[in-house]
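Structural description and commentary
One letter stands for each residue in the lines below.
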Amino acid sequence: MERASLDRIDQGILAELTRNARVSHAELAAKVMLSRNAVRQRIDRMERQGYIQGYTVVTGAPGHGTVSAFLMVYRKDRVRGSDVIAVLQSIPEVVLCDVVSGDFDLLVRVEARSLERIQEIWEQIAATPGVTDTVTAMTLSNYVRRDAAARPGQPGTAPGQAPSRVISPGA
């Protein structure tokens, strides 16, 4: 399906959903000055067109963050290694998987509730057929963290085009 460009109201809806993906349609309607039904229809359309690809809940006890790590993954076959990517897509804690140039093949960011869970995920990835090696770097501290969906003009987004994913920072 061809994606139509988003107007100012659609962009406003995306901005509000990015701030709080649990906002009610009625509250959202008041903010963008439309009816609740019109807002629901616009959200449904943006989901169908791929502007909204999912909603995320970040869990955990208050004051306890997640543990994160980057895994550099080497695949046996860079061209036909989609089975490795399918495994990565099935792991909920994998929040990023980019094919990159250079010595390794995939850059994978994992965010989990504990160091033990990071190790379990690493073991699962390392044991995946098609993976020849991994290198892991633990995140020690975080100085800059931006939600890509909240930034207009992000790489891969044409000017005037809305971001492709809405992520709620928590409930």
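Since we're looking at a predicted model, the values are computed, not measured. (Residues numbered from 1 in each chain as written. Predicted model: local features only at pLDDT ≥ 70, side-chain atom pairs only at ≥ 80, totals over all residues. Heavy atoms only, no water.)

1. Description of helix H5 (residues 115-126)
Over its 12 residues, H5 runs 16 Å from end to end, which matches the ideal 16 Å to within 8%, given 1.5 Å per residue. Within H5 the residues assigned to the buried category are Arg 117, Ile 118, Ile 121 and Ile 125. Projected down its long axis, H5 carries its buried residues within an arc of 105°, all on one side. In this structure, H5 carries Leu 115 and Glu 116 as exposed residues pointing more than 90 degrees from its buried face. Considering only its buried residues, H5 is in contact with strand S1 (67-75), helix H4 (82-89), strand S3 (106-112) and strand S4 (131-138). (Helix = DSSP H or I, 4+ residues; strand = E, 2+ residues; numbered from the N terminus. Expected span 1.5 Å × (residues − 1). Buried < 20%, exposed > 50% of the residue type's maximum accessible area, 1.4 Å probe, protein only. Arc of directions from axis to C-beta. Contact = heavy atoms within 4.5 Å.)

2. So, the side chain of Arg 109
By the element assignment, Arg 109 lies in strand S3. Given the relative accessible area of 12%, Arg 109 is considered buried. Excluding residues that lie within four positions of it along the chain, Arg 109 makes contacts with Ser 68, Ala 69, Phe 70, Glu 93, Val 94, Val 95, Leu 96, Thr 139, Asn 142 and Arg 145.

3. Observations concerning the side chain of Asp 10
Positionally, Asp 10 belongs in helix H1 (residues 8-19). Those residues in contact with Asp 10, other than ones at most four positions away along the chain, are Arg 42, Arg 45 and Met 46.

4. Considering the sheet that holds S1
The strand order S2-S3-S1-S4 describes an open sheet built from 4 strands, whose pairing is antiparallel. Among the strands making up the open sheet, the edge pair consists of strand S2 (94-99) and S4. Within this sheet the neighbouring strands show an average axis-to-axis angle of 20°, counted without direction. Two strands pair when backbone bridges link them, and S1 and S3 are joined in this way by 7 bridges, in the antiparallel orientation. Considered in S3, the bridge of Val 73 is made with Leu 106. Across the face of the sheet, H5 comes into contact with S1, S3 and S4 while running at roughly 160° to S4. (Pairing = 2+ DSSP bridges. Axes fitted to C-alpha atoms, helices over the stretch in contact; angles between N-to-C directions.)

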